[in-house]
Amino acid sequence: MERDKNSIGPTEARRLLEERAREAGFDLVGVTRAGPLRAGGERLREWQEAGMAADMGFMHRPVELLANPKKLQKSARSVVSLGVSYYPGEHPENTEGGGRVARYAWGRDYHEVIKERLFRLRRQLEEDLGTKIKARGFTDAVPLLERSAAQHAGLGFFGRNSCLIDGDIGSYFFIADLIVDLDLKPDEPGTGTCGRCTRCMARCPTGAIKAPGVVDARLCISYLTIENSGEIPRELRPKVGDWAFGCDVCQEVCPYNKTKATKSRWPEFSAKSGAGPYLGVEEALRIRTDEEFEGRFAGTPLTRPGRAGLLRNCCVAAGNLRSEGAIPALEECLREDPSELVRGHAAWALGEIGGSEGTLREAARRETDGWCLGEIRLALGRAATDAGLG
Ligand code: SF4
Ligand code: SF4
């Protein structure tokens, strides 16, 4: 017979949750009541109003919806926040001219991997407590202010880089949530401080951290290379460096990560399980169809920007690396790629590397897209300047 939920003590349920979540491999466990996330909601409103959410549709939804777990599940009583380290180690040196991949994306797609374990955890709790639990489980997938909920649940404090930082494992961790119709003893909110440190703000390549904890997505390399479906603005391209997917700089420089980052115990997040720390730029630049793209990257986070987005990023990385080995693949992109986004960024990269004026001139005669033609002409202008003729 099913046990009445109201007869389950919140302390007993919280203890069981801790035990089972640790067994399931989660590094951090916390609980907060399913009420509105007021402070997080206010921060979000200011950020939206300043236009810093760029064109990320899911971040433009009304704050009342984004910051209230009960909007996601009416019967919600508690939000369980779980943290799991994805830290796969440090990037090896970029000796092959690869496109750098943010650490969270070296392995398999975390959405799928974590969702499986979340559902298993719920089933286990149902068995232990002898009652059905109405729950919604997600990670980075629904419009709840996950980081805010996690901070309320004691999983860390907000650093000046806007990441949630845990005093024991740093900030390289995924957050997953279970919204449940169960009373669980809540935890104290996470506390901690950056002290006088401002390293992330000083070292961000694009100056995207406008104030402590405030990241302007329009300037952030993570946004520009993942969520952004358009061009990477010309003035920002040189600052993207060799990043082809995401950016870790503001986490790499953080003293908490330097001393506390803990290697993930989940094999799915290791470099061997997915794309690893660098993309082979030349190989990626030769992917011409969505089918090929899926065949190469399915099951990893790298599918997120789509084929054209990822090739755009590879063009920018190759241009910044002045990668002469990538010239043939970039020239093929300029001649053959069906996406003007890719052709335009390939032109830019060829202009940066130099030596492809003939191909650029030929492309200028053939190109019908106005923006792309502009990129080709600017690349030719760059070549002329470099040759001392401009
Ligand atoms: S992810 Fe990179 S670009 Fe974005 S705020 Fe951090 S350091 Fe700056
Ligand atoms: S780098 Fe320094 S300022 Fe930035 S989040 Fe880490 S501790 Fe805070």
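Residues numbered from 1 in each chain as written. Chains lettered and ligands numbered in written order. Predicted model: local features only at pLDDT ≥ 70, side-chain atom pairs only at ≥ 80, totals over all residues. Heavy atoms only, no water.

J.: Describe in detail helix α1 (residues 10-23), supporting the description with residues and values.
T.: A rise of 1.5 Å per residue sets the reference length of α1, with its 14 residues, at 20 Å; its end C-alpha atoms lie 20 Å apart and thus fit the reference within 8%. Of the positions making up α1, those classed as buried are Ala13, Arg14, Leu16, Leu17, Arg20 and Ala21. What you see down the axis of α1 is that its buried residues fit within an arc of 165 degrees, all on one side. Residues of α1 that are exposed and angled more than 90 degrees away from the buried face: Thr11 and Glu23. Elements that come into contact with the buried residues of α1 comprise β1 (28-33), β2 (78-85) and α5 (110-129). Positive backbone phi, at 100 degrees, marks glycine 25, one or two positions downstream of α1. (Helix = DSSP H or I, 4+ residues; strand = E, 2+ residues; numbered from the N terminus. Expected span 1.5 Å × (residues − 1). Buried < 20%, exposed > 50% of the residue type's maximum accessible area, 1.4 Å probe, protein only. Arc of directions from axis to C-beta. Contact = heavy atoms within 4.5 Å.)

J.: Can you lay out the side chain of asparagine 161 for me, pointing to particular residues and giving the numbers?
T.: Within the secondary structure, asparagine 161 is located in the loop between β5 (157-158) and β6 (164-165). Polar contacts involving the side chain of asparagine 161 include one to the main-chain amide nitrogen of cysteine 163, which spans 2.9 Å. Ignoring anything within four residues of it in the chain, the contact list for asparagine 161 reads Cys200, Ile209, Val215, Cys250 and Gln251. (Polar contact = N/O pair within 3.5 Å; in protein donor to acceptor, adjacent residues only side chain to side chain.)

J.: Break down the site of ligand 1 for me, citing the residues and quoting the values.
T.: In the vicinity of ligand 1, the contacting residues are Cys204, Pro205, Thr206, Ile209, Val215, Cys220, Ile221, Ser222, Cys247, Val249 and Cys250. Among the elements of the structure, α8 (221-227) and α10 (249-252) are those that each provide at least two residues to the shell around ligand 1. The residue makeup of the shell around ligand 1, split by class, is 9 nonpolar, 2 polar and no charged. (Near = heavy atom within 4 Å. Nonpolar A, V, L, I, M, F, W, Y, C, P; charged D, E, K, R; others polar.)

J.: Quick rundown of the nonpolar core? Include the residues and the values.
T.: By size, the foremost hydrophobic cluster in this structure holds 105 residues, and its most contacted members are Phe26, Tyr104, Ile114, Phe269, Leu285, Leu302 and Leu330. In this structure, leucine 302 is in contact with Val101, Ala105, Phe245, Ala275, Leu279, Phe293, Phe297 and Leu310, ignoring residues within four places of it in sequence. Within the second largest apolar cluster, 7 residues are counted, among which are Ala150, Leu155, Phe173 and Ile175. (Core = buried A, V, L, I, M, F, W, Y, C linked by side-chain atoms within 4.5 Å.)

J.: Any chance you could break down the packing of aromatic side chains for me, citing the residues and the numbers?
T.: Counted by the stated rule, this structure contains 13 aromatic pairs. Both rings, one in tyrosine 86 and one in tyrosine 104, keep their centres 6.4 Å apart while their planes meet at 70 degrees; by these two values the pair is edge-to-face. Taken together, the positions of tyrosine 86 in the loop between β2 and β3 (99-101) and tyrosine 104 in the loop between β3 and α5 put the pair 18 residues apart, joining distant regions of the chain. With relative accessibility at 6%, the residue tyrosine 86 sits in the buried group. On the basis of relative accessibility, which here comes to 19%, the residue tyrosine 104 falls in the buried class. Centroid distance tyrosine 110 to phenylalanine 174: 4.3 Å. Interplanar angle 15 degrees. Geometry classified as stacked. Of the two residues, tyrosine 110 sits in helix α5 while phenylalanine 174 sits in strand β7 (residues 173-180), which places them 64 residues apart along the sequence. For the residue pair tyrosine 110 and phenylalanine 174, the accessibility class agrees, reading buried in each case. If you follow arginine 100 out to its NZ or CZ, it ends over the ring of tryptophan 243, 5.6 Å from the centre. The side chain of arginine 117 reaches across the aromatic face of tryptophan 266, ending 3.6 Å from its centre. (Phe/Tyr/Trp six-rings, centres within 6.5 Å; stacked < 30°, edge-to-face > 60°. Lys NZ or Arg CZ within 6 Å of the ring centre and 35° of its normal.)

J.: Talk me through the sheet that holds β7; I want residue IDs and the actual numbers.
T.: An order of β1-β2-β7-β4 is seen for the 4 strands of this open sheet, with the pairing classed as antiparallel. Both edges of this open sheet fall to β1 and β4 (135-138), since each of them pairs with a single strand only. If you compare each strand with its neighbour and ignore which way they point, the axes differ by 20 degrees on average. Two elements, β2 and β7, share 8 bridges in a ladder whose sense is antiparallel. (Pairing = 2+ DSSP bridges. Axes fitted to C-alpha atoms, helices over the stretch in contact; angles between N-to-C directions.)

J.: Talk me through the pairing of β1; I want residue IDs and the actual numbers.
T.: For β1, the tally of buried residues reaches 5 of 6 residues, placing the bulk of the element in the interior. In the sheet, β1 pairs with β2 via 6 bridges, with the strands oriented antiparallel. Its bridge partner lying in β2, leucine 28 is registered against glycine 83.

J.: Any details on the environment of leucine 82? Residues and values, ideally.
T.: The topology assignment puts leucine 82 in strand β2. Residues leucine 82 and arginine 43, 39 residues apart in the sequence, show an inter-C-alpha distance of 22 Å. Apart from residues no more than four positions distant in its own chain, leucine 82 is found in contact with Ala21, Phe26, Leu28, Val29, Leu118, Leu121, Leu155, Phe174, Ile175 and Ala176.

J.: Tell me what's going on with the sheet that holds β3, and back it up with residues and numbers.
T.: Taken together, the 3 strands give an open sheet; going across it, the order is β10-β3-β11, and neighbouring strands pair in mixed fashion. Edge positions in the sheet fall to β10 (243-245) and β11 (278-279), since each of these pairs with one other strand and no more.

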